[in-house]
Amino acid sequence: MYDIFAHSELGAILFFTIFSIIAANKSSKLIYQSTEKQLYRRTRKLQFWTVSLTLLAGIIAAADIAVAATAHPLFWLDRLFIHAPLAVIPVALIWFSAFPRLRRLMRRTNKQTGEQPDTARRRQASEPAFIMPYRIAALCSVALFYFTFVPPIPFVWTEITIPSTILLFLACMLWMLQSRRNQMATEAPLIYRPWRRRLKLTAVLLAAFALSSVPFLTAMETSRLPESLSMMAGKTDYGKVAGAQASTAHSGNHNHAVSTAASPSSGDGSAVPVTELTGPRTGEPDRQFTITAQHMTLKLSSGKEIEAWTYNGQIPGEELRMKEGELVEVTLINKDIEDGVTLHWHGLDVPNAEDGVAGATQNAVMPGETYTYRFIAEQVGTFWYHSHQHSKEAVRKGLFGSLIVEPAEPQALPLEDITVITHNWEGAGMAIGANDTLQRRTIAPGTAVKLRLINTDDWVRQRYELTGTPFKVTAIDGTDLNGPTALENQSLDLLTGGRYDISFIMPDHPVMLRVGRDDKLGILMSPDGSGEVPEFPAATTFDPTHYGTPAETPFDADSAFDREFTMVLDNRFAFYNGSFAAYDTINGAVFPNTPMFVVKEGELVKTTIVNRSAVEHPMHLHGHHMLVLSRNGERVTGSPWWSDTLDVAPGEVYEVAFLADNPGVWMDHCHNLVHAAAGMTMHLMYEGVTSPFEIGTDTRNHPE
Ligand SMILES: [Cu+2]
């Protein structure tokens, strides 16, 4: 519903802006009419624009009230208290002040005569109380347009007061000008000189342009990413602290503290650099991998060639399999990737120094260099790894692979364990791994089958459908679900970085998994390897909020949280790295102006994620798993749902919680890597942790 209301409001605002400018122009031209007949015609037409503006203001106000009645306050505070008044107040002014004067003028104007309007008509047709409401409507509509595309959410006083002051100033100026014109028109008929009006308008626009260009260009220039910047610099957000004790040192008397500090350090001044937050540095590893990053030209199963960036000369990189509790050592060698590489273990909560984020936890590994990661695989499940250096480019070109942690205890393992990593290869299209043609697999009836779905493709909502047998969703983002039940005719959607494990027992007939509604892209499983692609029935989308059965969790929605944050995802026009465009923002800003959420080790942290934007964002928090508490105010009632890459759709509000038990500097960003590369990224920072690494144009580190 939010979508419908928001779009109706946006459409009405666009028309309101256009119509009010037209109406203002028409009303101010009344005085130039050379005959009463013409004047009469013009006043009649103005009635039409008045009614249209009223209807549009009505739609705006109704949509705003509808959002207010159905959605979280962060969706409507600006709409109800800024948008609606900016539409309704000028229209009310028109009806109370301008419209009666318009009617009076109409009544007194002779619609037949070609005579020039007399002094009384001229005075009436230029009266400020008649003309100004239309002009105020036009001014308000521009402000409305501005506040729509630069929403002052989260609330910042100056973002409202500065535009409002300019608006008031312009309204006063116009009023004075109109009074003067009214006086002149009373004295003698005004002659319409189109070229003079145009010249004036051009001069005004040029002056406005010149005036605004200085702050505009300055803002553009200062938005350039600096030559070097510590990830810890910038705005810190200490959230809402239980008891409000912890935030006072940084914020004065506010409970919700946002400040610009150099770095949040612990009270006793003892800071731990992230380089010390490593996995076990000594001890014989249980499992070792060597991963070489290099350029390769490779072929998909269809024969299409890809100029790829590869790990170990294959796309995707080789699957890393390990067992729970093992000490894993991975040596990364960069052979020839000029941009540099790292290894980030997506979803695996490793110690901070092993997290593989260039500029936050290490320096990018440049050609000829090596880097060693050591960590204990503590979680069982489906994960993936990818470079977190120029990650948009790196992942697109192939620097990723799957990472599977098997349980330590031998168990009734699925006999067929199939990783389905889906990716859109540049210039070659969608594929499962390197298979862009239909795969056939022979699986004996009665075999337990596990499919591990991983979407590594950027900026897509990938759809997976399984037909031929009921199946269970056994894990989300690498964490097992409790008591999953059998599903049929349900499709599974994953945004970039998300994972689902699904399981079923192979029947005696074909079963097919297809990707993206494409019958040619999928895995056809059958007892003898043959069989036709089956029909796919209409399917509804799987929803994890009420799936499975509840189980004990270390905390839940009723827990007392030590700290609470609000994360607002939105679109707005903003300056970023020397350009001005519509960006996807976190709390009204793009990196490095996004806030850094600061926590203390041991705290229980709740975050409310609100997506006001027009598109979905898979929000990925490094180093922690978030327990999803509620969606749109409705609690998660099924199995506990732990996520590391949460699909937040437009209009949605999620409450998530995590335990701050992994100190470090952690990226928290949209995994639509195009969004992350355009600044939709921020950090979770532990008090008392510092990072010696830097990002910026003069450094080698470019995490996104
Ligand atoms: Cu995004």
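Please read all numbers here as calculations on a predicted model, not as lab measurements. (Residues numbered from 1 in each chain as written. Predicted model: local features only at pLDDT ≥ 70, side-chain atom pairs only at ≥ 80, totals over all residues. Heavy atoms only, no water.)

Got a minute to help me understand the nonpolar core in this structure?
Ranked by size, the top nonpolar core spans 64 residues in total, and within it Leu451, Leu453, Val473 and Met525 carry the most contacts. Setting aside anything within four residues of it in sequence, one finds Met525 in contact with Arg441, Ile443, Val449, Leu451, Leu466, Phe504, Met506, His509, Pro510, Val511 and Leu513. (Core = buried A, V, L, I, M, F, W, Y, C linked by side-chain atoms within 4.5 Å. Buried < 20%, exposed > 50% of the residue type's maximum accessible area, 1.4 Å probe, protein only. Contact = heavy atoms within 4.5 Å.)

How should I be thinking about the coordination of the copper ion in this particular structure?
Put simply, a metal with four donors set out as a tetrahedron has ideal angles of 109.5 degrees, and one with six donors set out as an octahedron has ideal angles of 90 or 180 degrees. Donor atoms from the polypeptide that bind the copper ion are His617 (ND1), Cys670 (SG) and His675 (ND1), placed at 2.0 Å. Here the donor residues of the copper ion share one chain and are spaced in sequence as H-x52-C-x4-H. Taken as a pair, His617 in strand β29 (residues 617-621) and Cys670 in strand β35 (residues 665-670) lie far apart in primary sequence, 53 residues in all. With respect to burial, His617 and Cys670 carry one shared label: buried. (Donors = N, O, S within 2.8 Å, 3.2 Å for Na, K, Ca; no water. Helix = DSSP H or I, 4+ residues; strand = E, 2+ residues; numbered from the N terminus.)

Got a minute to help me understand the sheet that holds strand β7 (residues 317-323) in this structure?
Neighbouring strands of a sheet are bound in pairs by backbone hydrogen bonds; such pairs are parallel or else antiparallel. One open sheet holds the four strands; their spatial order is β7-β12-β11-β9, and the pairing between them is mixed. Looking at which strands have only one partner, the edges of the open sheet turn out to be β7 and β9 (344-346). Pairwise comparison of adjacent strand axes, ignoring direction, gives a mean angle of 25 degrees for this sheet. Sheet topology places strand β11 (residues 381-386) next to strand β12 (residues 400-406); six bridges connect them, and they run antiparallel. Residue pairing across strands places Thr382 opposite Ile404, the latter belonging to β12. (Pairing = 2+ DSSP bridges. Axes fitted to C-alpha atoms, helices over the stretch in contact; angles between N-to-C directions.)

What am I meant to see in the sheet that holds strand β10 (residues 370-376) here?
Ordered in space as β6-β5-β8-β10, the four strands form an open sheet in which the pairing is mixed. Taken across any chain shown, the strands that pair with only one partner, and hence form the sheet edges, are β6 (305-311) and β10. For this sheet the average axis-to-axis angle between neighbouring strands, irrespective of direction, equals 25 degrees. Bridge count for strand β8 (residues 327-334) against β10 is seven bridges, and the pairing is antiparallel. By the bridge assignment, Thr331 is partnered in β10 with Thr372.

Sorry if this is basic, but what is going on with the domain arrangement of the protein here?
A common measure of how large an interface is: the accessible area buried when the components associate. According to the domain assignment, the protein consists of domain 1 (2-190), domain 2 (193-222) and domain 3 (229-271 + 552-695). Using C-alpha coordinates to define each centre, domain 1 is positioned 22 Å away from domain 2. (Domains from an automatic or database assignment.)

Please explain the pattern of salt bridges as it appears in this structure.
Opposite charge on two side chains makes pairing possible when the charged atoms of those side chains draw close. The full count for this structure, using the stated rule, is 34 salt bridges. Between Asp493 and Arg461 there is a salt bridge; the shortest N-O distance is 3.5 Å. Pair noted here: Asp493 is in strand β20 (residues 490-494) and Arg461 is in the loop between β16 (448-455) and β17 (462-467), with a separation of 32 residues, a long-range link. Through salt bridges with shared partners, one network takes in Glu319, Arg321, Lys323, Glu406, Asp417, Arg452 and Asp501. (Salt bridge = Lys/Arg side-chain N within 4 Å of Asp/Glu carboxyl O.)

Whenever I open this one, a nonpolar patch on the surface confuses me. Can you help?
Among the surface-exposed residues, Ile162, Ile166, Phe169, Leu170 and Met173 lie close enough to one another that they form a single nonpolar patch of about 480 Å² accessible area. Within the fold, Ile166 resides in helix α6 (residues 157-187). (Patch = residues over 30% accessible without salt bridge, like charges linked within 9 Å, V, L, I, M, F, W, Y side chains within 5 Å. Areas by Shrake-Rupley, 256 points an atom, 1.4 Å probe, with all protein chains shown as cover.)

Got a minute to help me understand the pairing of strand β23 (residues 518-526) in this structure?
Two faces belong to every sheet, and in a regular strand the side chains alternate between them. Where strand β15 (residues 439-442) and β23 come together, four bridges link them in parallel fashion. Paired with Arg441 across the two strands is Met525, which belongs to β23. By the bridge criterion, five bridges tie strand β22 (residues 511-515) to β23 in an arrangement that is antiparallel. Across the sheet, Leu513 pairs through a bridge with Ile523, a residue of β23. Adjacent in sequence and paired antiparallel, β22 and β23 are bridged by two residues, among which Gly516 carries a positive phi angle near 65 degrees.

Sorry, what's going on with the packing of helix α1 (residues 2-29) against helix α2 (residues 36-70) here?
Any two packed helices are characterised by how steeply their axes cross, that is the angle between the axes, and by the distance between the axes. Relative to each other, α1 and α2 sit at 155 degrees, their axes nearing to 8 Å. Taken as axis vectors, α1 and α2 run roughly antiparallel relative to one another. Of the two elements, α1 crosses α2, and the hand of that crossing is left-handed. Here the residues of the contact of α1 with α2 sort into 19 nonpolar, five polar and three charged. (Parallel < 35°, antiparallel > 145°, perpendicular 65-115°, else oblique. Left-handed = near helix turned anticlockwise from the far one by under 90°. Nonpolar A, V, L, I, M, F, W, Y, C, P; charged D, E, K, R; others polar.)

Whenever I open this one, the environment of Val605 confuses me. Can you help?
Counting through the fold element by element, Val605 comes out in strand β28 (residues 604-611). With residues up to four places along the chain from it excluded, the contact list for Val605 reads Phe561, Arg563, Phe565, Val599, Val656, Ala657, Phe658 and Ala660.

What's the story with the side chain of Thr342 in this structure? I'm lost.
Looking at the secondary structure, you find Thr342 in the loop between β8 and β9. When sequence neighbours within four positions are dropped, the list of residues in contact with Thr342 reads Tyr311, Leu332, Gly356, Ala358, Gln362, Ala364, Tyr373, His386, Ser387, His388 and Gln389.

Looking at this model, I keep getting lost on the packing of aromatic side chains. Mind explaining?
Taken as a whole, this structure holds 27 aromatic pairs when the rule is applied. Aromatic side chains Trp345 and Tyr385 sit 6.1 Å apart centroid to centroid with 45 degrees between the ring planes, which places their arrangement in the tilted category. Here the residue Trp345 occupies a position in strand β9, and Tyr385 occupies one in strand β11, the gap between them amounting to 40 residues. Members of the aromatic cluster, joined through ring pairs, are Phe145, Phe149, Phe216, Phe573, Phe575 and Phe580. The side chain of Arg514 reaches across the aromatic face of Phe536, ending 4.1 Å from its centre. (Phe/Tyr/Trp six-rings, centres within 6.5 Å; stacked < 30°, edge-to-face > 60°. Lys NZ or Arg CZ within 6 Å of the ring centre and 35° of its normal.)

I keep staring at the confidence of the model for the protein and nothing clicks. Help me out?
In this model, the protein carries a mean pLDDT of 91, and residues with pLDDT of at least 70 account for 96%. In the model, residues 245-263 has pLDDT below 50 throughout and makes 38 contacts with residues more than four positions away in sequence or in other chains. (pLDDT = per-residue confidence, 0-100.)

Please clarify how a positive patch on the surface should be interpreted in this entry.
A cluster of like positive charges, contributed by Lys26, Lys37, Arg41, Arg42 and Lys45, occupies part of the molecular surface. The biggest single contributor to the positive patch is α2, with four residues. The topology assignment puts Lys26 in helix α1. Take Lys26: its relative accessible area is 31%, and that puts it in the partly exposed class. (Lys, Arg positive; Asp, Glu negative; His and termini not counted. Charge placed at Lys NZ, Arg CZ, Asp CG, Glu CD.)

Hey, could you run me through unusual backbone geometry in this one?
What you tend to see is this: most non-glycine residues have negative phi, and most peptide bonds are trans. For the bond from Ile153 to Pro154, the omega torsion is -5 degrees, close enough to zero to count as cis. Across the junction of Phe591 and Pro592, the peptide omega takes the value 5 degrees, indicating a cis bond. Within the secondary structure, Pro592 sits in the loop between β26 (579-586) and β27 (596-599). Its identity is not glycine, yet Asp477 carries a phi of approximately 45 degrees, on the positive side. Looking at where Asp477 falls in the secondary structure, it is placed in the loop between β18 (472-476) and β19 (479-480). Unlike most non-glycine residues, Asn577 shows phi in positive territory, near 45 degrees.

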